[in-house]
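# Observations on the model geometry
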Amino acid sequence: SHSNHNDSGGVGLVLGMIVNFPHEALPKELAALAVNLTFAKANCTIMIQNKAVSKMVERLVSAKNKDPLLLKILRNLSQFTYKMQEEGEITSNIDYIYRGLWSPHVKSLIIVLVESDNHEVTIEVSCVLHCIYIYISLYINDEKINDLYT
């Protein structure tokens, strides 16, 4: 029997296909499906619980040619976590549940941004970093912020 944590159905299957796809570039259809899935909050939540951010950034960084389609999925996830944080800031003082999700990846994403000569990659990484930056700036007094600069 499966634990509830990993029982993500189709979303988990799509995520597995993305992470394990044998070629550097994702097929357009697979990327489009994943992007469409990110328009539903429940699917984003499942992806994040299944460590999609770490797995996709790892895939991105290890690839010689960075995949803008993979970045489109990450961009949507970064927008989702930003919106969730924004809603939390407005509605309650409950601790933001995705704290620390992006901070381990900031350096890697900046390196991809600086080293890429692909215009589409540059735009997508910039969008992800923009959402992360807004998210981080709201917690600028948090001591964890110092970890980014070490």
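Residues numbered from 1 in each chain as written. Predicted model: local features only at pLDDT ≥ 70, side-chain atom pairs only at ≥ 80, totals over all residues. Heavy atoms only, no water.

## With respect to the overall build of the protein
- What the protein contains, in helices and strands, is seven helices and zero strands.
- Each helix (α) and strand (β) of the protein, taken in turn from the N terminus, gives the series α-α-α-α-α-α-α.
- Counting across all 150 residues of the protein, residues that qualify as buried make up 40%.
- Considering only residue pairs separated by 6 or more positions, the protein has 70% of its internal contacts joining residues 24 or more positions apart.
- Accessible surface, the protein as shown: approximately 8900 Å² in total, 57% of it carbon and sulfur. (Helix = DSSP H or I, 4+ residues; strand = E, 2+ residues; numbered from the N terminus. Buried < 20%, exposed > 50% of the residue type's maximum accessible area, 1.4 Å probe, protein only. Contact = heavy atoms within 4.5 Å. Areas by Shrake-Rupley, 256 points an atom, 1.4 Å probe, with all protein chains shown as cover.)

## Here we look at the packing of helix α1 (residues 9–20) against helix α4 (residues 52–62)
- Relative orientation of the contacting elements α1 and α4 amounts to 25 degrees, with a least axis distance of 9 Å. The orientation of α1 with respect to α4, classified from their angle, is roughly parallel. Here α1 runs over α4; the crossing is left-handed. Facing α1, whose interface residues are Leu15, Ile18, Val19 and Asn20, α4 presents Ala52, Lys55, Met56 and Arg59.
- The class makeup of the residues in the contact of α1 with α4 is five nonpolar, one polar and two charged. (Axes fitted to C-alpha atoms, helices over the stretch in contact; angles between N-to-C directions. Parallel < 35°, antiparallel > 145°, perpendicular 65-115°, else oblique. Left-handed = near helix turned anticlockwise from the far one by under 90°. Nonpolar A, V, L, I, M, F, W, Y, C, P; charged D, E, K, R; others polar.)

## Observations concerning the environment of Ile48
- Tracing the backbone through its elements, the reader meets Ile48 in helix α3 (residues 41–49).
- On a C-alpha basis, the gap between Ile48 and Thr81 in space is 9.4 Å, while along the polypeptide they are 33 residues apart.
- For Ile48, the contacting residues outside a window of four places in its chain are Leu77, Phe80, Thr81, Tyr98 and Leu101.

## A few points about the nonpolar core
- Ranked by size, the top nonpolar core spans 35 residues in total, and within it Ile18, Met56, Leu77 and Trp102 carry the most contacts.
- Secondary structure elements with two or more residues in this core: α1, α2 (28–37), α3, α4, α5 (68–91), α6 (106–115) and α7 (119–137).
- The leading source of residues in this core is α5, at six residues. (Core = buried A, V, L, I, M, F, W, Y, C linked by side-chain atoms within 4.5 Å.)

## Quick look at α2
- Looking at α2, one finds that the buried residues are Leu30, Ala31, Ala34, Val35 and Leu37. Along the axis of α2, the buried positions cluster into a sector of 160 degrees, meaning they face one direction only. Away from its buried face by more than 90 degrees, α2 exposes Lys28, Glu29 and Asn36. (Arc of directions from axis to C-beta.)

## Considering α6
- Among the residues of α6, Val106, Leu109 and Val112 are the ones counted as buried. All buried residues of α6 fall inside an arc of 125 degrees around its axis, so they share one side. Facing away from the buried side of α6 by more than 90 degrees, the exposed set consists of Val114 and Glu115.

## Let's talk about the confidence of the model for the protein
- With 78% of its residues at a pLDDT of at least 70, the protein reaches an overall mean of 84.
- The least confident element of the protein is α7, whose mean pLDDT is 85; the most confident is α2, at 97. (pLDDT = per-residue confidence, 0-100.)

## Considerations on the packing of α1 against α2
- Axis separation between α1 and α2 bottoms out at 10 Å; the angle between their running directions is 140 degrees. In terms of orientation, α1 lies oblique with respect to α2. Crossing hand, α1 versus α2: left-handed. Residues Val11, Val14, Met17 and Ile18 of α1 form the contact with α2, whose participating residues are Leu30, Leu33, Ala34 and Leu37.

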